Amino acid sequence: MATKLYDLTVGSYTQVLEGTVSFLEKGLKHCESEGINLTDVLDCVLYEDMQNFYFQVMSLNHHSVKTIEALSSGEFAPPMHAFNHKPTEDDFERLIAATKESVAFMHGQSADEIDDLAGKTIVFKLGANEMPFTTENFVLSFSLPNFYFHATTAYDILRMKGVKIGKMDFLGKMRIGA
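An account of the accompanying structure is given in this report. (Residues numbered from 1 in each chain as written. Predicted model: local features only at pLDDT ≥ 70, side-chain atom pairs only at ≥ 80, totals over all residues. Heavy atoms only, no water.)

This next bit is on the nonpolar core. Core analysis: the largest hydrophobic core is formed by 48 residues, its most contacted members being Phe23, Phe53, Leu71, Phe92 and Leu158. Counting only elements with at least two residues in this core, the list comes to α1 (5–34), α2 (38–42), α3 (53–73), α4 (91–107), β2 (121–126) and α6 (135–160). When near neighbours in sequence (up to four residues on either side) are disregarded, Leu71 contacts Leu5, Ile114, Leu117, Ile122, Thr135 and Val139. (Core = buried A, V, L, I, M, F, W, Y, C linked by side-chain atoms within 4.5 Å. Buried < 20%, exposed > 50% of the residue type's maximum accessible area, 1.4 Å probe, protein only. Helix = DSSP H or I, 4+ residues; strand = E, 2+ residues; numbered from the N terminus. Contact = heavy atoms within 4.5 Å.)

Another aspect to go through is the sheet that holds strand β1 (residues 75–76). Pairing between the strands of a sheet comes from backbone hydrogen bonds, and it takes one of two forms, parallel or antiparallel. Strand order in the open sheet formed by three strands is β1-β2-β3, with mixed pairing between adjacent strands. Whereas interior strands pair on both sides, the edge strands pair on one side only; in this sheet they are β1 and β3 (129–134). Pairing between β2 and β3: six bridges, direction antiparallel. Bridge pairing links Val123 to Pro132 in β3. (Pairing = 2+ DSSP bridges.)

Structurally, the position occupied by Asn61 is in helix α3. For Asn61, a relative accessible area of 7% translates into the label buried. There is a polar contact of 2.6 Å between the side chain of Asn61 and the side chain of Ser102. Asn61 has contacts with Leu17, Lys66, Ala98, Thr99 and Ser102, leaving out every residue within four places of it along the chain. (Polar contact = N/O pair within 3.5 Å; in protein donor to acceptor, adjacent residues only side chain to side chain.)

We now examine the pairing of β2. Pairing of β1 with β2, which is carried by two bridges, proceeds in the parallel orientation. When the sheet's bridge partners are listed, Phe76 is paired in β2 with Phe124. Turn length for the β2-β3 hairpin, with the two strands adjacent in sequence and antiparallel, is two residues, and the turn residue Gly127 shows positive phi of about 65°.

Structure (structure tokens):
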């Protein structure tokens, strides 16, 4: 049996987005109970040349929702709005809300409609540069790796801040069964 585009995209994004909502909520609760400044968490990086926590969460939402939109539109661009954003304390709750919106967006997708978009072209646009992909190659070699990278980095920053989360929090509800 061949893997369906819907399962590769919506299924994978939904699983980790739901896990992300859970670990973000645990992170917020931990920070509030421990008196940890939320702006410090939002602006935290794992290493000086990396983007901050805020960017990581915005990017994982972008790589999920905007990829699904790109399956139809044929175009994808980076989340330029998330670069150089100076976070405020309220942004933590906004990130949770944005991630919940991404989950709802995924739940609103039709498997048949997504599967019908297989084999089309998506062009990644960055300024004047354009890189054409098939939908499957875009998802497998660009979108999913970026999505998992940003989700993992956000998770790791919360772990570094002392949030009691584990691998199962990251994985979310796995799709088990025959």
